[in-house]
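Take a look at the letters that make up each chain.
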Amino acid sequence: MSADESTPVHDDAVAELASIRQSIDNIDAAVIHMLAERFKYTQRVGYLKAGAGMPAADPGREQVQVARLRQLAAESHLDPAFAEKFLNFIVAEVIHHHERIAGGER
Ligand SMILES: C=C(O[C@@H]1C=C(C(=O)O)C=C[C@H]1O)C(=O)O
């Protein structure tokens, strides 16, 4: 019998997979909503900094954020290196937005 034929065990696995995927989809939606809120706030920071003549990037602040998130990740059994890469990816995009704002783009 091949693995894709219906058996009670296979049917249970299909049902559990669908249920787990529903939770994964809910979490992905929450991540998108949280990122949208974060970018709304960082947009405000971008205008604030541009208006005050402050640089787009703040490496000192980023260092503190990385250390904090690495610690939180370790406590949550998430790979700290992944947490750092994820934060750096987001911050790079934020700095890009800030540079565009400072350059007069909206
Ligand atoms: C949002 C800021 O600007 C930049 C982006 C950061 C971020 O996305 O968290 C952190 C530091 C800065 O490089 C800030 O200075 O707070």
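Residues numbered from 1 in each chain as written. Predicted model: local features only at pLDDT ≥ 70, side-chain atom pairs only at ≥ 80, totals over all residues. Heavy atoms only, no water.

By the naming in an unreviewed UniProt entry, the protein is Chorismate mutase, taken from Curtobacterium subtropicum.

Engineer: How should the side chain of glutamine 65 be read in this particular structure?
Structural biologist: Looking at the secondary structure, you find glutamine 65 in helix H2 (residues 59-75). Once you skip the residues sitting within four places of it in the chain, glutamine 65 turns out to touch Arg38 and Leu87. (Helix = DSSP H or I, 4+ residues; strand = E, 2+ residues; numbered from the N terminus. Contact = heavy atoms within 4.5 Å.)

Engineer: I'm lost on the site of the ligand in this one. Help?
Structural biologist: Near the ligand there are 14 residues, and of these Arg38, Lys49, Asp58, Glu62 and Gln65 occur at the shortest range. Within the side chain of arginine 38, an N or O atom sits 2.7 Å from an oxygen atom of the ligand. Contact distances for the ligand include 2.6 Å between an oxygen atom and a side-chain N or O atom of lysine 49. Counting residues per element, the ones that place at least two in the shell around the ligand are helix H1 (8-52), H2 and helix H3 (80-102). Class assignment of the residues belonging to the shell around the ligand gives a composition of 6 nonpolar, 3 polar and 5 charged. (Near = heavy atom within 4 Å. Polar contact = N/O pair within 3.5 Å; in protein donor to acceptor, adjacent residues only side chain to side chain. Nonpolar A, V, L, I, M, F, W, Y, C, P; charged D, E, K, R; others polar.)

Engineer: Honestly, the pattern of salt bridges in this entry has me stumped. Any pointers?
Structural biologist: A pair can form between side chains of opposite charge whenever their charged atoms are brought close. Throughout the structure, instances matching the rule amount to 3 salt bridges. Here glutamate 84 and arginine 70 are joined by a salt bridge, their closest N and O atoms 2.6 Å apart. Of the two residues, glutamate 84 sits in helix H3 while arginine 70 sits in helix H2, which places them 14 residues apart along the sequence. You can call glutamate 84 partly exposed: its relative accessible area is 26%. Of the charged contacts in the structure, one is a salt bridge between glutamate 105 and arginine 100, with a shortest N-O distance of 3.8 Å. On the basis of relative accessible area, arginine 100 is assigned to the partly exposed category, the value being 32%. (Salt bridge = Lys/Arg side-chain N within 4 Å of Asp/Glu carboxyl O. Buried < 20%, exposed > 50% of the residue type's maximum accessible area, 1.4 Å probe, protein only.)

Engineer: Sorry, what's going on with unusual backbone geometry here?
Structural biologist: A negative phi holds for most residues other than glycine; trans holds for most peptide bonds. Unusually for a residue other than glycine, histidine 77 sits at a positive phi of about 60°. As for its placement among the helices and strands, histidine 77 is situated in the loop between H2 and H3. On the basis of relative accessibility, which here comes to 76%, the residue histidine 77 falls in the exposed class.

Engineer: Would you mind going over the UniProt feature "domain: Chorismate mutase" (unreviewed entry) in the protein with me for this structure?
Structural biologist: Here, the residues flagged by UniProt with the feature "domain: Chorismate mutase" (unreviewed entry) are residues 11-102. The span residues 11-102 carries 89% helix and 0% strand; its end-to-end C-alpha distance comes to 57 Å. (UniProt positions renumbered as here; feature names shortened; annotations may be inferred.)

Engineer: What is the right way to read the packing of H1 against H3 from this model?
Structural biologist: A pair of packed helices is captured by two measures, namely the crossing angle of their axes and the spacing between those axes. Two elements in contact, H1 and H3, have axes whose closest approach is 9 Å; the angle formed by their N-to-C orientations is 40°. One finds that H1 runs oblique with respect to H3. Regarding H1 and H3, the two cross each other, and that crossing is right-handed. Where H1 approaches H3, its residues Leu35, Arg38, Phe39, Thr42, Gln43, Val45, Gly46, Tyr47, Lys49 and Ala50 are matched on the opposing element by Leu87, Ile90, Glu93, Val94, His97, His98, Ile101 and Ala102. When the residues that make up the contact of H1 with H3 are grouped by side-chain class, the tally is 10 nonpolar, 5 polar and 3 charged. (Axes fitted to C-alpha atoms, helices over the stretch in contact; angles between N-to-C directions. Parallel < 35°, antiparallel > 145°, perpendicular 65-115°, else oblique. Left-handed = near helix turned anticlockwise from the far one by under 90°.)

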